[in-house]
Structure formats: C-alpha cells, structure tokens
Amino acid sequence: MLQHSAPILAAAASPSFLAKGCVNVIELDSLKEQAGERWARIREGVFARIEALLRAKLGPNDLFVRLADTAYLITMPTTEAGDVSAVCLSVAFELYTSFLGQCDLDQIALNIVLSGDDDTLTLKRVPQEKIRALAEKVGIQDQAGRRAQPEELERLPGMPGYQATAIGQRAKPVQVPRWGAPLAAVAPPQVDHHFVPIWSVPNAAVTTYACEVKSILFSGRGQSVALKQLAPQERHVVEMTVFHAAMAQLEKSFAEGNKFLLIMPLSFEFFGAPAGRMEILSACRNVSHNFRSLITFMIFDVPPGVAQTRLANMVGALSPFGRGTVATISPSLRAYGAYQGIGLKAVGFNLEEFSAATPFCQNDAEQLAHFARRANLGTFLYAVRDKTTLKFAQDARIQFLSGPAIAPTCAEPRGMWRLPWGDVLSKPDMELWV
C-alpha cells in the first residue's frame, strides 16, 4: 500500500527506524466512513483528540505526524516493534470510543511501515488476528455497546456537551487504568507502603530511600498478598499506587526541607508490559523537572535470560525522567552480558529472590563486583538481613546496601544521615530487624 508523505517523514521514517519495525500508521478511514457527511465538521476534533492521546502515551524520543485526513504515522525508536503496535491500538481504540461510543476491533486498521522514499511509504497491514492478540495483551476487549447518535458525533473538544477527561488526570492513585477494559471484577486493594533506607558505603551515609509495597489487602482475603501472587491488572493498580505515593512524599518532604534521593522500584513484569509502560511514562511526564534529578528507577524481578534489547528499551524509555536506572540480576544467571552497555547505572541482587536451597554466598558477591568493575557499573544488594551477608558485601566492596541489617524501614524518609561501617557491624544480632 502506498501513501503520500510529508517532508518531516525523513526523520520519522528513517531507514534505521524502519529496520527496527518501530514505525506504524493508524488509519481512520472507518471512523470517517461512519461519520459520513459529518466528517467535515468533526475532523478537527478527531485530530485534536488523537494528538492529545499520542502526546500522553508517547515518550520524549517518539514522533508522530498526520499524513492525510485519515492517517497518522507514529515512530517509537526505543520501543520494541510489538509494543509500538500495542500503543497504536490503544490510541485508536480510545479515539473510536470517544467519537462513536464504542469500538469494534474490526474497525481498527494498523500498518507497519516497511520502506519509504521522498514521496511514498510502503505499508503492511497488521492482520486482525494480531490486533486481537495485542488487544488481549493490553486489556482491551470488544465493546458491543450502543452506537453513538448522530448529534454525539459533533461533540468536539471545547464545545458544549464534550465530557473529556484531562490526559494524565487521576482522582485517586488506585484509579482503574483508562487504557484498557474496565476492571469490574477487581476490587481496589488497600495498599500500604514504606521507605527502605539505602546505605551508600563509599560515603558512609544513608542518602537514598526506596519506596516499596508494605502490604496488599483485598476485601475477602484474610492476610496480605505478595506482589508476585497478583494478577497483571491487580499488580498494575498496586504498582501505580506506590508510584504516586512515592512522588507525593518526595514533593512533601522537600517542601519541608527534608532532602534525600529516591529509588523507584518497577517490576519487570509490570513495566515490561505495554500497558504498564504507557501508564508509568505518562505519570513520569507529570513529575516536576525539579525532582527528576533526584529519582533513580530500579527494575526488579528481571528474569534470567532477558534479551539485552528489551532491557535496553526499558532503560532508554526511563532515561529522560530520572538520574538513572539500575536493575536486579536473577540469582540463577551467571552470564551478565545483557546488562552491559545499555545505559544502566548499577546492577545488583535482591536477596529475597534467593532460596533456602541456594542462598546468597561469597562467590555471588565477588562475581557481581567483578562484572561491575569491568562494565563500569555500580553495585548494590537489596534486603540484607544478617552479618554474614554484610561480611560478603564488605569483602567484595559492594557500594550500596539496604535491608534490616542496615536500618529498619520507615513510614517517611528521615533525610540523609551518617552511617559508618563500624556502627553497622557493631549492631548486636538481636537488634537486626527481621
């Protein structure tokens, strides 16, 4: 299929981007057809709506351009090809729903740009079975709701009767994600969080705090549920709740003169999913530039054998919004090449991922430190609980430590404070927090 292109496509549809498969085209012919003679009156509203959706969902390195009355080209250089199509699907779905009152997946036409020159693009239509698979992946379902009445098609942004929700606006941190199907079967959980002090060993001081889940309680479940036990939609709500709580605390503390650095943990499963990534990046764009230099993202629960390109895409997507990104290494992994040369600031182990059968040992600490020195990366251990592990970390010269053996968690960060090795090692075993 050929389409005319604008001069800006030289950048948006460059050969390197096309080779990665990260350039898509959304066609709006079905929307125009259903609007009929009203299209001339509503099209500017359609353009305004889709561009607002794209600005909310795309990152700072992404591009979009209108090709004609019924086509938009989207380029996402740091996103995997399949995730680009997922983002475009969610945008098209929201657009059609806004103007037609419902959206049948068969109405959506997505294309991957295969090649291009000065005045044409060659497109390959994404098959309907693929669209349905992507829809399931991001939580979109066919909606067999009512058809919009003719007068509803003329309700445009800025005109009476148009009830638009501001992009990025949320009434509550646990609000159902607007990108997918309603979570009617998922009751919002009660999510409590706390802050974990992180010790900078070279500076002999606690300088940083990680905001993490403390407990997750659902109605009808007697005890707290672990994050790993949650369904993807439940996990999404929980991790977004903690994210918003952390950012609110950072702003509150600094207004009170209590300064610290923040680690924001994001699980690989959550941020690796298109829906989770879209929601986090949308929220990050709302974080003040005054605080971005204080935030480090930590990707945890990274599975063994993760593809380097996938991890690199995550790091690249987060890079505009913080001082850097660190990542955990799976205890079962022994070759760390996927973590090298992708923009990470540090690598480390979450000791809670180790089992009683294969506990963390001196060799693990030494192997981590050896790789990090060769790759010019920092090192960390998360959830240190005993003096034996402290001795492993000291001998290997691990740079950042946290956990009950360092300091207890707290409801709010207490700022930066001095903590030399002597104070840590002199703590009696009975005082270690478990």
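The coordinates are above.
Quick caveat, the model's predicted, so the values are computed rather than measured.

A. Focus on the layout of surface pockets. Of the voids in this model, the largest pocket is the one considered here, and its volume is about 860 Å³. Lining the largest pocket are 35 residues, and of these His194, Glu212, Val213, Glu352 and Tyr382 sit closest to its centre. Those elements that place two or more of their residues in the lining of the largest pocket are strand S7 (190–200), strand S8 (205–217), helix H7 (232–255), strand S9 (261–267) and strand S10 (295–300). Sort the elements by how many residues they give to the lining of the largest pocket and S8 lands first, with 6 residues. Here the residues of the lining of the largest pocket are counted per class, giving 20 nonpolar, 6 polar and 9 charged.

B. Expanded view of the nonpolar core. Tyr339, Leu381 and Leu401 are the most contacted members of the largest nonpolar core, which totals 92 residues. Ranked by residue count, the leading element in this core is H7, at 7 residues. Not counting chain neighbours up to four residues away, the residues in contact with Tyr339 comprise Val302, Leu311, Ala327, Thr328, Ile329, Ser330, Leu333, Leu344, Val347, Phe371 and Leu377. Among the nonpolar cores identified, the runner-up in size contains 51 residues, and Ala13, Leu54, Tyr72 and Tyr96 belong to it.

C. Spotlight on the pattern of salt bridges. Throughout the structure, instances matching the rule amount to 15 salt bridges. Here Arg235 ties to Glu269 by a salt bridge, and the two come within 3.1 Å at their closest N and O atoms. Pair noted here: Arg235 is in helix H7 and Glu269 is in helix H8 (residues 268–272), with a separation of 34 residues, a long-range link. Since its relative accessible area comes to 3%, Arg235 is described here as buried. Among the ionic pairs, Asp364 bridges to Arg334, the shortest N-O distance being 3.4 Å. With Asp364 in helix H12 (residues 362–375) and Arg334 in the loop between strand S11 (324–328) and strand S12 (346–350), the pair connects residues that are 30 residues apart, well separated along the chain.

D. Fine view of the side chain of Thr79. Inspection of the secondary structure puts Thr79 in the loop between strand S4 (71–75) and helix H5 (81–100). A relative accessible area of 8% means that Thr79 is categorised as buried. Apart from residues no more than four positions distant in its own chain, Thr79 is found in contact with Cys22, Val84, Arg277 and Asn313.

E. Inspection of unusual backbone geometry at higher detail. One non-glycine residue, Ala204, adopts positive backbone phi at about 50°. Assessed through its relative accessible area of 16%, Ala204 is described here as buried. You will see that Asn376, though not glycine, has its phi angle at about 60°, which is positive. Tracing the backbone shows Asn376 in the loop between H12 and strand S13 (378–382). On the basis of relative accessibility, which here comes to 70%, the residue Asn376 falls in the exposed class.

F. Fine view of H12. For H12, spanning 14 residues, the distance from its first C-alpha to its last is 20 Å, which sits close to the expected 20 Å at 1.5 Å a residue. Every buried residue of H12 is accounted for by Gln362, Asp364, Ala365, Leu368, Ala369, Phe371, Ala372 and Ala375. Just downstream of H12, Asn376 is the residue with a positive phi angle, here 60°.

Cut-offs used in this document
Residues numbered from 1 in each chain as written. Predicted model: local features only at pLDDT ≥ 70, side-chain atom pairs only at ≥ 80, totals over all residues. Heavy atoms only, no water. 1 Å grid on protein atoms, 1.4 Å probe; cavity = no way out; pocket = protein on both sides within 12 Å on 5 of 7 lines; lining within 4 Å. Points joined across faces, edges and corners; volume = space filled by probe spheres on them. Helix = DSSP H or I, 4+ residues; strand = E, 2+ residues; numbered from the N terminus. Nonpolar A, V, L, I, M, F, W, Y, C, P; charged D, E, K, R; others polar. Core = buried A, V, L, I, M, F, W, Y, C linked by side-chain atoms within 4.5 Å. Buried < 20%, exposed > 50% of the residue type's maximum accessible area, 1.4 Å probe, protein only. Contact = heavy atoms within 4.5 Å. Salt bridge = Lys/Arg side-chain N within 4 Å of Asp/Glu carboxyl O. Expected span 1.5 Å × (residues − 1).

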